[in-house]
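Overview (structure and organization)
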Amino acid sequence: MLLIPVLLMAGFLVLPLLAIFLRILPQEGIWTTLQQPLVTEALQLSLVTSLSSLGLTALLGTPVAYVLARYRFRGIGVLDTLVDMPTVLPPTVAGVALLMTFGRQGLLGQWLDTIGLQISFTTVAVVLAQSFVSAPFYIRAAQAGFQSVDGELERVAYTLGYSPLRTFLRVTVPLAFPALLSGGVMAWARALGEFGATIMFAGNLMGRTQTMPLAIYIAMESDLAAALVLSALLIIVPFGGLFLVRALLRRRNVVAYA
Amino acid sequence: MLEIALQKRFDAFQLDIAFAAHDGIIVLFGPSGSGKSLTLQAVAGTVQPDSGYIGLDGQPVFDHRNGINIAPQQRRVGYVPQNYALFPHLTVMDNIGFGLTRLSRREREQRVTEFVELFGLQDLGRHRPRQLSGGQQQRVALARALAIRPRILLLDEPFAALDVSLRSALRQELMQVQTRSGVMILMVTHDLADVFTLGQQVIVYDNGRIIQQGSRDEVFFRPVNERVAAFVQTGNILPAVVDRIESGTLWLDWQGRRLAAAPLPFESGTPVYLCVRASQILIVRPDRLTARQRENLLDVDVVGQDMHAETYTLYLRLPDSDAAHDLELVLPGYVYHRLELENAKSLTVELRRQDLHVIHRQDTAASTS
């Protein structure tokens, strides 16, 4: 009774992925397709922007996650809901919202424009769009990680002369590290696949804002082979990252906490 | 030296306490949620009181009126929480040396070695906390706290996480640590056995307030009210009424019996509780009834018996009573067997006047049936 829906669902999830590879593999010239500027530029830009947005998310998201994990104050419910907002917001809407904020006529954009800073339709806009949609993945994982670290450990460190910052770096972060790392990978994978917010806020300029998902969208009209190769890469790369981190964490766990 | 007077409000809970202690082991005793751990955290500096004063060795670490609140980093207190809070990602040696970052590398290594040896952890230096038994974990936590040469050691329920069978040995260890290092210990517990063994000075908490403080014997044998009497498991807290005071004797009426107690300034008719520890009730053998001046003799029926390892508990009832039992009596196994009490149906017991502790009774309900 259960077998049929399970098999149907599994097939539904796996078959489309399989279809991409089945379509690519018999073709010749995968290598040349890979070396096309459309593909190489998109790949390079995607790696740079997704890693930059991961850095930005970690920098600003870590304190937020710590506050959510440790403090109870009026207004924390608002902060908690805000963190979920990008997850439920359609990416296109997020892109429009970012444009209304950072665009030349935007809330902050018009002010930035007067000092000669333009963000929309630049690589910076790509990073902001990716950070906006991927931050919740990191923040939620980090929050759970910090919550799993016993507050008594921090209190003991204080009495042993450690400032809150040193305690955080020497006690809390090492213990929450597995959660931080897997949250980081999830956020990075989400940033890598970001499409809607990017195309709205950053446009589709090759070499500047055309990341892999955007390049696929363009290539579908002209060059199916390139679209397929890029799609395959977007499957393999995040999966590989996830797999690598999981393997690393398993080994680290055995060594560190045995 | 420790001086505390502080107030702290937490929602509906209000902590308002004051005490002072010079040295040795001070035990904060009382039910869970009475504010003992909160007091410990206030001394450690991880909780800030709303008002009051905390002084260590004559120096204020918190003084609300003068705006003093020394950070926990600068208080030099050894804090050992209930679960020991060892750093799971560090070895035993790194845990012990964790608070010694201000020392030079060489001094630090020396200090760690000293404390590793002091606590017999030589073979475990490179182990991680998870690989240690509960008792070993406690030793590491104590070593880590003492390595910074604290002005006071704060222990939160130090034995609660351990097997009962381990506790008495580790209590002895803690006593030795205290004697050897001379460090003052402020310890939180709700285990009466801790109070018995370690409580040089006992402070009894109830619902955010101190209801009694004094030596262990004072708290055990002279509880100030029936709450304390119940906390220290007095066994027999008997509602009685003051009959009259004669020269040198306070006469009480309990269940229609006249009992003589040491004189206290009570008026006739005052409702009181008569506290007698279960181990203080004496069984009088029939052939020794007139061996010396006896008083407060009671004829009772034995209505139940309990055995706890080395001791026996007898439940006794007055012949004309309809209670389940009126008195509880505890005696060592060898006495129990010598008196052949297995099949005892009735006994004569003596409540010696020096063992009777009389306290005020707040409620005015009739004491006798």
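Along every chain, residues carry numbers that run from 1 in the direction the sequence is written. Note on labels: chains are lettered from A, ligands numbered from 1, in written order. In view of the model being predicted, local features appear only for residues whose pLDDT reaches at least 70, and side-chain atom pairs are presented and counted only at 80 or more, with totals across whole chains, interfaces and linings using the full set of residues. The side-chain figures draw on all heavy atoms in the structure; neither hydrogens nor water molecules are used.

Glancing now at the overall build of chain A. Across its full length, chain A carries 12 helices and zero strands. Starting at the N terminus, helices and strands are each numbered in turn, a helix being any DSSP run of H or I of at least four residues and a strand any DSSP run of E of at least two. If you list the helices and strands of chain A from N to C, you get α-α-α-α-α-α-α-α-α-α-α-α. Across its three principal directions, the C-alpha atoms of chain A cover 65 × 60 × 40 Å. A total of 258 residues make up chain A; the buried ones form 42% of that total. Long-range pairs, those at least 24 residues apart, make up 73% of the contacts in chain A with a sequence separation of at least 6. Computed by Shrake-Rupley with a 1.4 Å probe, the accessible areas treat only the displayed protein chains as cover when residues are assessed. A total of about 13900 Å² of accessible surface is found on chain A, and carbon and sulfur atoms cover 73% of it. The charge count treats Lys and Arg as positive and Asp and Glu as negative. His and the chain ends do not count. We put the charge of a Lys on NZ, of an Arg on CZ, of an Asp on CG and of a Glu on CD. With 15 positive and 11 negative side-chain charges, chain A shows a separation of 11 Å between the mean positions of the two kinds. Only protein chains enter the accessibility calculation, which uses a 1.4 Å probe; a residue whose area is less than 20% of its type maximum is buried, one above 50% is exposed, and one in between is partly exposed. In this description, contact between two residues means that some pair of their heavy atoms is separated by no more than 4.5 Å.

Residue and element names in this part refer to chain B. Taken together, six strands build an open sheet; the order of strands is S7-S8-S9-S3-S10-S11 and the sheet is mixed. Pairing within the sheet leaves two strands with one partner each, and these edge strands are strand S7 (77–80) and strand S11 (209–214). Averaged over neighbouring strand pairs, the angle between their axes works out to 15° when direction is ignored. Strand pairing is defined by DSSP finding a minimum of two bridges between the two strands. In this sheet, S11 lies alongside strand S10 (residues 201–206) in antiparallel orientation, the contact comprising five bridges. In the sheet register, Val204 faces S11, and the bridge partner there is Gln212. Relative to strand S8 (residues 152–156), helix H1 (residues 36–44) is tilted by about 150°, and along the sheet it contacts strand S3 (25–29), S7, S8, strand S9 (184–189) and S10. Lines fitted to C-alpha atoms define the axes, with helix axes restricted to the stretch in contact, and inter-axis angles between N-to-C directions lie between 0 and 180 degrees.

Each full turn of the α-helix corresponds to 3.6 residues, which orients residues three or four apart in the same direction. Residue and element names in this part refer to chain A. One fewer than the residue count of a helix, multiplied by 1.5 Å, yields its expected span. With 13 residues, helix H4 (residues 76–88) ought to run about 18 Å at 1.5 Å a step, and its terminal C-alpha atoms sit 19 Å apart, in line with that. Along H4, the residues classified as buried are Ile76, Val83 and Pro86. Looking at the packing, one finds that the buried side of H4 touches helix H3 (37–70) and helix H7 (123–147).

The patches reported here contain residues having more than 30% relative accessible area and no salt bridge. Joining distances are 9 Å for like charges and 5 Å for nonpolar side chains (Val, Leu, Ile, Met, Phe, Trp, Tyr). Note on definitions: salt bridges are taken to be side-chain nitrogens of Lys or Arg within 4 Å of carboxyl oxygens of Asp or Glu. A cluster of nonpolar side chains, A:Met9, A:Phe12, A:Leu13, A:Val14, A:Leu15, A:Leu18 and A:Leu22, forms an exposed patch at the surface whose accessible area comes to about 730 Å². Looking at the element boundaries, A:Leu15 is found in helix H1 (residues 3–24).

As a further point, take the packing of aromatic side chains. Side-chain rings of Phe, Tyr and Trp, where Trp is taken by its six-membered ring, are said to pair if the distance between their centres is within 6.5 Å; with planes under 30 degrees apart they count as stacked, over 60 as edge-to-face, and otherwise as tilted. Taken as a whole and assessed by the stated rule, the structure comprises 10 aromatic pairs over all chains. Taking 5.5 Å as the distance between ring centres and 80° as the angle between the ring planes, the aromatic pair formed by A:Tyr66 and A:Phe146 counts as edge-to-face. With a gap of 80 residues between them, A:Tyr66 in helix H3 and A:Phe146 in helix H7 connect regions that are remote in the sequence. Taking relative accessible area as the criterion, A:Tyr66 reaches 15% and is therefore assigned buried. A ring pair is formed by A:Tyr162 and B:Phe98, whose centres lie 4.1 Å apart and whose planes are at 15°; its orientation type is stacked. Here A:Tyr162, found in the loop between helix H8 (151–159) and helix H9 (164–192), pairs with B:Phe98, found in the loop between helix H3 (92–96) and helix H4 (105–118), and the two come from separate chains. Each member of the aromatic cluster is reached from another via a ring pair, and the members are A:Tyr66, A:Tyr71, A:Phe146 and A:Phe168. Here the guanidinium or amino end of A:Arg166 rests over the ring plane of A:Tyr162, the centre of that ring lying 4.2 Å away. Our definition puts a charge over a ring when NZ of Lys or CZ of Arg is within 6 Å of the ring centre and also within 35 degrees of the ring normal. For the cation-ring pair, B:Arg171 lies above B:Phe159, with the distance from its terminal atom to the ring centre recorded as 5.4 Å.

What follows deals with the interface of chain A and chain B. Listed as interface residues are 22 residues of chain A and, on the opposing side, 23 residues of chain B. The junction of chain A with chain B conceals about 2000 Å² of combined surface from both sides, 63% of it contributed by carbon and sulfur atoms. Two N or O atoms count as a polar contact when they lie within 3.5 Å, although within protein this holds only if one can serve as hydrogen donor and the other as acceptor, and sequence-adjacent residues are included solely when both atoms are side-chain atoms. Viewed at the interface, chain B and chain A are joined by six residue pairs in polar contact (both at pLDDT 80 or more). When contributions to the side of chain A that touches chain B are tallied by element, the ones reaching two or more residues are H8, H9 and helix H12 (224–257) of chain A. Top element by residues in the side of chain A that touches chain B is H8(A). It accounts for seven residues. Summed over both partners, buried area is the accessible surface (1.4 Å probe) that two parts give up on being assembled.

Moving on: the domain arrangement of chain B. All names here are of chain B. Note: domain ranges come from an automatic or database domain assignment. For chain B, the assigned domains read domain 1 (2–226) and domain 2 (234–360). One C-alpha centre belongs to domain 1, the other to domain 2, and the line joining them spans 39 Å. Contact residues are listed per partner, giving eight residues for domain 1 and eight residues for domain 2. Both faces combined, the contact of domain 1 with domain 2 buries some 650 Å², and carbon together with sulfur accounts for 61% of it. Contact with domain 2 buries surface across domain 1, with Phe221, Pro223 and Glu226 losing the most and accounting together for 66% of the total. Here domain 1 and domain 2 share zero salt bridges between them. At the boundary of domain 1 and domain 2, one finds two residue pairs in polar contact (both at pLDDT 80 or more).

This next bit is on the sheet that holds strand S6 (residues 68–69) of chain B. The strands that make up a sheet pair up through hydrogen bonds in the backbone, lying either parallel or antiparallel. Residues and elements named next belong to chain B. With antiparallel pairing, five strands are arranged side by side in an open sheet as S2-S1-S4-S5-S6. Both outer strands of the open sheet, strand S2 (13–21) and S6, are each paired with one neighbouring strand and no more. Both strand S4 (residues 51–56) and strand S5 (residues 59–63) contribute to a ladder of four bridges, which runs antiparallel. When the bridges of S5 are listed, Leu56 appears paired with Gln59.

A word on the nonpolar core. Considering soluble globular proteins, one finds that nonpolar side chains tend to be buried as a cluster. Residue and element names in this part refer to chain B. Nonpolar cores were defined as sets of buried Ala, Val, Leu, Ile, Met, Phe, Trp, Tyr and Cys residues, with membership established by side-chain atoms within 4.5 Å. Among the nonpolar cores identified, the biggest contains 101 residues, and Leu2, Ile96 and Leu186 are the most heavily contacted of them. For Ile96, the residues in contact, after removing those within four places along its chain, are Val112, Phe115, Val116, Leu121, Val140, Ala143, Arg144 and Ala147. Trp254, Leu259, Val276 and Val358 belong to the second largest nonpolar core, which has 31 residues in total.

All names here are of chain B. For Gln201, the position within the fold is in strand S10. At 3.3 Å, the side chain of Gln201 and the backbone oxygen of Ala20 are in polar contact. Sequence-distant contacts of Gln201, defined by excluding residues within four places in its chain, comprise Ala20, Ala21, Ile25, Ile26, Val27, Gln213 and Gly214.

Below, the discussion takes up the side chain of B:Arg75. Residues and elements named next belong to chain B. Position of Arg75 among the secondary structure elements: in helix H2 (residues 72–75). As a buried residue without a salt bridge, Arg75 has its nearest oppositely charged side chain in Asp63, at a separation of 11 Å. Once residues within four sequence positions are removed from consideration, Arg75 is found in contact with Ala42, Val43, Ala44, Gly45, Leu56, Val61, Phe62, Asn69, Ile70 and Arg151.

Moving on: the pattern of salt bridges. All names here are of chain B. Scanning the model with the defined rule gives 21 salt bridges over all chains in all. With its nearest N and O atoms 3.6 Å apart, the salt bridge here joins Glu109 to Arg105. Of this pair, Glu109 and Arg105 both sit in helix H4, four residues apart, which is roughly one turn of that helix. The partly exposed category is assigned to Glu109, whose relative accessible area is 44%. The salt bridge involving Asp320 is made with Arg257; its shortest N-O contact spans 3.0 Å.

Before going further, it helps to examine the packing of H3(A) against H9(A). Residue and element names in this part refer to chain A. Axis separation between H3 and H9 bottoms out at 10 Å; the angle between their running directions is 140°. By the criterion of interaxial angle, the relationship of H3 to H9 is oblique. In the crossing of H3 with H9, the sense of the turn from one axis to the other is right-handed. Here H3 contributes Ser46, Leu47, Ser50, Leu51, Ser53, Leu54, Thr62 and Tyr66 to the contact with H9, which in turn contributes Phe168, Thr172, Gly184, Ala187, Trp188, Ala191 and Leu192. Classifying every residue of the contact of H3 with H9 gives nine nonpolar, six polar and no charged. In these notes the angle categories are as follows: under 35 degrees is roughly parallel, over 145 is roughly antiparallel, 65 to 115 is roughly perpendicular, and the rest is oblique. Left-handed describes a crossing in which the near helix is turned anticlockwise from the far one by less than a right angle; the clockwise case is right-handed. Only Asp, Glu, Lys and Arg are considered charged in this grouping, and only Ala, Val, Leu, Ile, Met, Phe, Trp, Tyr, Cys and Pro are considered nonpolar; every other residue, Gly among them, is considered polar.

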